[in-house]
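Residue strings, one per chain:
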Amino acid sequence: MVLPTLALTAISAYAQTQTLDPRIDACIGRDTNAAELTPHFKRMGKNCVRFTGGYSSLAGSFARLSYSTTNLLHAGETLSVSSEYGVRMRSVQFGFDKASLFGKPIETGAAIYAQRFHYNQGRESSIFAFQRNIPAFNEIGKDNLLNYVSHSNGVTAFVQYPIHGKFSHVRVAYSYDVSDFKTLSGSTGDYFDNLNFRHELKLIPCTNNIYDYSRCIDGPRSLIDIQASRLTPSITYNTVDHPIQPTHGTAITVSTAIGILGDVNTIEPSVDAKHFRSGFRKGHVIGIHLSGRVLVGYGPQVPPPFDRYYMGGENDIRGFDSWSIGPIAYMPSSTPVNVLNNDGTPRLLLVSVDGVRSFINVTQSIPIFRFVSVGGDTNIVTNFEYRIPLAEPLTLALFTDAGMNQLNFPGQLRVSPVRVNQLNSQFVQADFSGRFFIPPGTQAIRMSTGAELQVRVPRINAPLRFYLAYNPLAFRGILQRPIVADRSYFPNNATFLSATNTVGEPLPLRARHFAFRFSIGRTF
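Cut-offs applied
Residues numbered from 1 in each chain as written. Predicted model: local features only at pLDDT ≥ 70, side-chain atom pairs only at ≥ 80, totals over all residues. Heavy atoms only, no water. Helix = DSSP H or I, 4+ residues; strand = E, 2+ residues; numbered from the N terminus. Buried < 20%, exposed > 50% of the residue type's maximum accessible area, 1.4 Å probe, protein only. Contact = heavy atoms within 4.5 Å. Areas by Shrake-Rupley, 256 points an atom, 1.4 Å probe, with all protein chains shown as cover. Phe/Tyr/Trp six-rings, centres within 6.5 Å; stacked < 30°, edge-to-face > 60°. Lys NZ or Arg CZ within 6 Å of the ring centre and 35° of its normal. Salt bridge = Lys/Arg side-chain N within 4 Å of Asp/Glu carboxyl O. Polar contact = N/O pair within 3.5 Å; in protein donor to acceptor, adjacent residues only side chain to side chain. pLDDT = per-residue confidence, 0-100. Pairing = 2+ DSSP bridges.

**Student:** Can you explain the overall build of the protein chain? Please cite residues and give values.
**Tutor:** Helix and strand counts for the protein chain come out as four helices and 28 strands. Taking all 524 residues of the protein chain together, 48% fall into the buried category. Counted over contacts in the protein chain with a minimum sequence separation of 6, partners at least 24 positions apart contribute 68%. Carbon and sulfur atoms form 61% of the exposed surface of the protein chain, whose accessible area is close to 24,900 Å².

**Student:** For the packing of aromatic side chains, give the residues involved together with the corresponding values.
**Tutor:** Taken as a whole, this structure holds 23 aromatic pairs when the rule is applied. Taking the centre distance of 6.0 Å and the plane angle of 80° together, the rings of Tyr330 and Phe371 count as edge-to-face. Within this pair, whereas Tyr330 is found in strand S18 (residues 328–338), its partner Phe371 is found in strand S21 (residues 363–373), the two being separated by 41 residues in sequence. For the ring pair Tyr330 and Phe437, a centre distance of 6.4 Å and an interplane angle of 35° mean the geometry is tilted. With a gap of 107 residues between them, Tyr330 in strand S18 and Phe437 in the loop between helix H3 (417–426) and strand S24 (446–455) connect regions that are remote in the sequence. The ring of Phe399 is capped by Arg318, whose NZ or CZ atom sits 4.1 Å from the centre of that ring. When the ring centre of Phe524 is taken as reference, the NZ or CZ atom of Arg387 above it lies at 5.4 Å.

**Student:** An account of the pattern of salt bridges is requested, with residue identities and associated values reported.
**Tutor:** Proximity of charged atoms lets side chains of opposite charge pair with each other. One pass over the full model with this rule turns up 13 salt bridges. Linking Arg64 and Glu84 is a salt bridge whose minimum nitrogen-to-oxygen distance equals 2.6 Å. Here the residue Arg64 occupies a position in strand S3 (residues 60–70), and Glu84 occupies one in strand S4 (residues 77–86), the gap between them amounting to 20 residues. Comparing Arg64 with Glu84 shows no difference in burial state: the two are buried. Counted as one network, the salt bridges with shared partners bring together Arg318, Glu385, Arg387, Asp401, Glu452 and Arg465.

**Student:** Please give an account of the side chain of Thr69 that cites residues and values.
**Tutor:** Among the structural elements, Thr69 can be located in strand S3. There is a polar contact of 2.5 Å between the side chain of Thr69 and the side chain of Asn47. Beyond its immediate chain neighbours, meaning those up to four positions away, Thr69 contacts Lys46, Asn47, Glu77, Thr78 and Leu79.

**Student:** Please provide a residue-by-residue account of the confidence of the model for the protein chain, values included.
**Tutor:** The predicted model of the protein chain averages 83 in pLDDT, with 83% of residues at 70 or higher. Long-range and interchain partners of residues 125–131, a stretch whose pLDDT sits below 50, account for 21 contacts in this model, where long-range means more than four residues apart. For residues 200–220, every residue scores under 50 in pLDDT, and the model assigns this stretch 38 contacts once sequence neighbours within four places are set aside.

**Student:** Talk me through the pairing of strand S6 (residues 107–120); I want residue IDs and the actual numbers.
**Tutor:** Remember that side chains alternate between the two faces of the sheet whenever the strand is regular. Pairing of strand S5 (residues 89–98) with S6 involves 10 bridges; the strand directions are antiparallel. If you follow Asp97 over to S6, its bridge partner there is Gly109. Where S6 meets strand S9 (residues 147–163), 14 bridges bridge the pair, whose relative direction is antiparallel. Looking at the pairing, Ala110 lines up with Ala157 of S9.

**Student:** Account for the pairing of strand S15 (residues 266–278), with residues named and values stated.
**Tutor:** For strand S14 (residues 249–259) and S15, the ladder comprises 10 bridges, and the chain directions are antiparallel. Paired with Thr250 across the two strands is His275, which belongs to S15. Where S14 hands over to S15, the hairpin turn is made up of six residues, of which Leu261 adopts a positive phi near 60°. Of the pairings in the sheet, the one linking S15 to strand S17 (residues 296–297) comprises two bridges and is antiparallel in character.

Next comes the structure, spelled out in structure tokens:
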């Protein structure tokens, strides 16, 4: 599970011996003023040490140290090693890249990595690595929010070949990843542990030490040693004149990621297109971006929860909080509630621990539908910008972002059979089917519009930006969970009314209509 970040170069130190060409960036080895560079010269050796720091709405604040050397083996190769430490993500990576193979412009590369990622849906990192609460998430309750830590180790490799000149290429990439997940909230634990996404044809102990060839990988075991093997062919056409400050050109990438031979068997076709052209006055630029992707499982498997889509933030719809846009669902589960006496007072139990006697509340377990931010399987985003250059180095960009993040394959969102059988054995009258209940409203189109001030800073490969956004299509409503526990589950009417008032309390979702933020990089 490799996650992208946007970087701000804070300090760069170069140990360079022989450069290729004065137009080539000293550390990256690419022409920063061309859409694509196909070198036809003998590569010379050079070394580079770089320290970078930055901020991303997904990764938070981070610092990265990297070292690279080219032509060490006199074969035109680049070797690199990097380490990153951030608020949400920490990683180490070793990479190899070669621009030509067998005397032909076939680019190849590979990397091995180790990564730790912590995501907490209820908090957002600030530029100084402090945490600030998001009021809209706090109203829902911390135990209902997405909160987990993942540890991943893996390898990636690719081969790329130009077609029809220098503006197009085909690419085939392969990745193998082994991940462990630790959930940190009740909602995340229920969702990640019991979603029916793993399948192994080998004997695995299920309940009561009974062995079976069925899908018995559920509960916490389903989040350990998850092996994801993916093959991703893609084709790209790119005539954009500059990667950082584009003024004209078109870029289109079409790809399909296919999960093979691992625990995660999914197919994910995607398309990403952007176009730039001159605006209504000299120096003005119009930019349009469209991206779409679909995630679906095949065979006996469904997409895992950590691969589903979450939208919102600087990379897609700017006025919304990071990962705040996505479908909400209620999944079959259970929860403990306090037992009351007939008069409504708490029923207490006298216990003795190490000779110390105390009273504790008597509780009982009841069936419920638990609130879960499940993520989408269909994601479409459109962005429009009109960029107006002001006094150097400032640019004003008027923008409109819109998109949707939906569940179009609800049949692939279901609880594991082992968990369903457990719940129905304990709560016969609940008669859970394993399907999630999806309330209306949270899958509607979202839209954000506003103005963004971009500041170009020398030797930084991405602009600083400050933007004010208005969200005309923000969702503000009340979600009501289904009630499945009837009066027969409870010893008296007082306990029944207290429990239903607690677990059946409506949950408000109130996305903000206005947002002002600082960020680094570009949306597209």
